[in-house]
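So you can see what is in the structure, the chains are spelled out below.
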Amino acid sequence: MIKDIAFQLDAGRTGILLIHGLTGTPNEMRSVAVGLHRAGFTVSAMQLAGHCGSEEDLLNTRWPDWYRSVCEAADKLRERVDHLFVAGLSMGGILALKLAAERPQAVDGVIVYGASFRYDGWSIPWSSRLLSRLLPLARPLRIGRHRCFMEQPPYGIRDERLREVVVSLMSSGDSTLAGLRGNPWHSLADMYALSAVVQRQLPHVTAPCLVIHASEDDVASVKNAHLIVERVRGPVELVLLHDSYHMVTIDRERAVVIERTAAFMKRVAAVSMQADPPAAGAAAALPSGALQPG
């Protein structure tokens, strides 16, 4: 049985859906959720299908299942708020972009933390990068179904004390605490298949975007962030962090992440309220220069 650990924090009529990453849990979004709730936002930290259970639970789902759970969570939150933002960490950010591309009238803004179209950070061995490119071909043949890429130091966390705590939780056997210790090959293959789809959809993202990425991301290089900046059609704000690794929602600069996210949401929501209702399919435009790289 998979334990449901999704949580909601009710506040104002501007809401945000938080999406965790592959093999992760809603807990990796908790600090951001609490901070945004204190800033007056309604928060829904969802749980992706197949996550927070066993490795087999995850393997029994595919990326369309993960995306379907995002759509369902977004629909529920949209009923309670006037303005909907969607944010995700790592693969969660890719799912957030997909939702914005396919539902431009429903999503007011997108926030992507540590975008991961590919795991190409400095801690990822070249052999693993090469093998991961072949996984989408291997999955239909059921090759390597029970093989995993095990998490490697520094585990996406620059803060050494926090890293020790997270590694201990990952090793506890309870995946609801800090997720699975490794990435199953077949699930990673699905992530890459999802990434390929969303890369083609990026030009359909017209909502304002906030992209926050660690300049020394150990899991996903800054190229992933620049891909969003270059391809989406909506205005983009890029924020690079210099004292964090991949898990920016829990690492040393999480307060900066919360502050920049809250400011972005307030600004975009204010513009949306002041503007005339946009035509069907059109995104409300921000004032010229409102969003600049940070």
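Definitions and limits used
- Residues numbered from 1 in each chain as written.
- Predicted model: local features only at pLDDT ≥ 70, side-chain atom pairs only at ≥ 80, totals over all residues.
- Heavy atoms only, no water.
- Patch = residues over 30% accessible without salt bridge, like charges linked within 9 Å, V, L, I, M, F, W, Y side chains within 5 Å.
- Areas by Shrake-Rupley, 256 points an atom, 1.4 Å probe, with all protein chains shown as cover.
- Salt bridge = Lys/Arg side-chain N within 4 Å of Asp/Glu carboxyl O.
- Helix = DSSP H or I, 4+ residues; strand = E, 2+ residues; numbered from the N terminus.
- Buried < 20%, exposed > 50% of the residue type's maximum accessible area, 1.4 Å probe, protein only.
- pLDDT = per-residue confidence, 0-100.
- Contact = heavy atoms within 4.5 Å.
- Pairing = 2+ DSSP bridges.
- Axes fitted to C-alpha atoms, helices over the stretch in contact; angles between N-to-C directions.
- Parallel < 35°, antiparallel > 145°, perpendicular 65-115°, else oblique.
- Left-handed = near helix turned anticlockwise from the far one by under 90°.
- Core = buried A, V, L, I, M, F, W, Y, C linked by side-chain atoms within 4.5 Å.

Participant: Just give me the short version of a nonpolar patch on the surface, but keep the residues and values in it.
Facilitator: A surface patch of nonpolar side chains, about 210 Å² in accessible area, is lined by Val 165, Leu 169 and Leu 177. Of note, Leu 177 is situated in helix α7 (residues 175-178).

Participant: Tell me what's going on with the pattern of salt bridges, and back it up with residues and numbers.
Facilitator: Inspection of every chain in the model, using the stated rule, returns 11 salt bridges. With a shortest N-O distance of 3.3 Å, Arg 80 and Asp 10 are connected by a salt bridge. On the criterion of sequence distance, the pair formed by Arg 80 in the loop between α3 (63-78) and β4 (83-89) and Asp 10 in the loop between β1 (7-9) and β2 (14-19) is long-range, its members being 70 residues apart. Overall, Arg 80 belongs to the partly exposed group, its relative accessible area being 33%. Its salt-bridge partner being Asp 65, residue Arg 68 comes within 2.8 Å of it at the nearest N-O pair. Placement of both Arg 68 and Asp 65 in helix α3 is noted, with a separation of three residues, approximately one turn of the helix. Residue Arg 68 is classed as partly exposed on the basis of its relative accessible area, which comes to 44%. Among the charged side chains, a salt-bridge network with shared partners connects Arg 158, Glu 216, Asp 243 and Arg 252.

Participant: I'd love a proper account of the confidence of the model for the chain, names of residues and values included.
Facilitator: Low-pLDDT stretches of the model should not have their predicted coordinates read in fine detail. The predicted model of the chain has a mean per-residue pLDDT of 90, with 90% of residues at 70 or higher. Every residue in residues 278-294 is under pLDDT 50, and counting partners more than four places away or in other chains gives 26 contacts.

Participant: Can you explain the sheet that holds β2? Please cite residues and give values.
Facilitator: Taken in spatial order, the seven strands of this open sheet run β1-β3-β2-β4-β5-β8-β9, and their pairing is mixed. With partners counted over all chains shown, the strands left at the sheet margins are β1 and β9 (236-241), one partner each. Along the sheet, successive strands turn relative to each other by an average axial angle of 15 degrees, direction set aside. Relative to β9, strand β8 (residues 209-214) is paired through six bridges, and the arrangement is parallel. Opposite Leu 210, over in β9, you have Glu 237 as the bridge partner. Across the sheet, α3 is in contact with β2, β3 (42-45) and β4; its angle to β2 comes to roughly 165 degrees.

Participant: Mind laying out the packing of helix α1 (residues 30-38) against helix α10 (residues 254-274), listing which residues take part and the relevant values?
Facilitator: Interhelical geometry of α1 versus α10 gives an angle of 45 degrees and a closest axis separation of 9 Å. Here α1 is positioned oblique relative to α10, judged by the angle of their axes. Read as a crossing pair, α1 and α10 show a hand that is right-handed. Side by side, α1 and α10 meet where Ser 31, Val 32, Gly 35 and Leu 36 of the first sit next to Arg 254, Val 257, Ile 258, Thr 261, Ala 262 and Met 265 of the second.

Participant: Just give me the short version of the nonpolar core, but keep the residues and values in it.
Facilitator: In this structure, Leu 17, Ile 19, Val 70, Leu 95, Leu 97 and Val 110 are the most contacted members of the largest nonpolar core, which totals 55 residues. When sequence neighbours within four positions are dropped, the list of residues in contact with Leu 95 reads Ile 19, Leu 48, Trp 66, Tyr 67, Val 70 and Leu 194. Judged by nonpolar contacts, the second largest core, of 36 residues, contains Phe 85, Ile 111, Val 239 and Ile 258.

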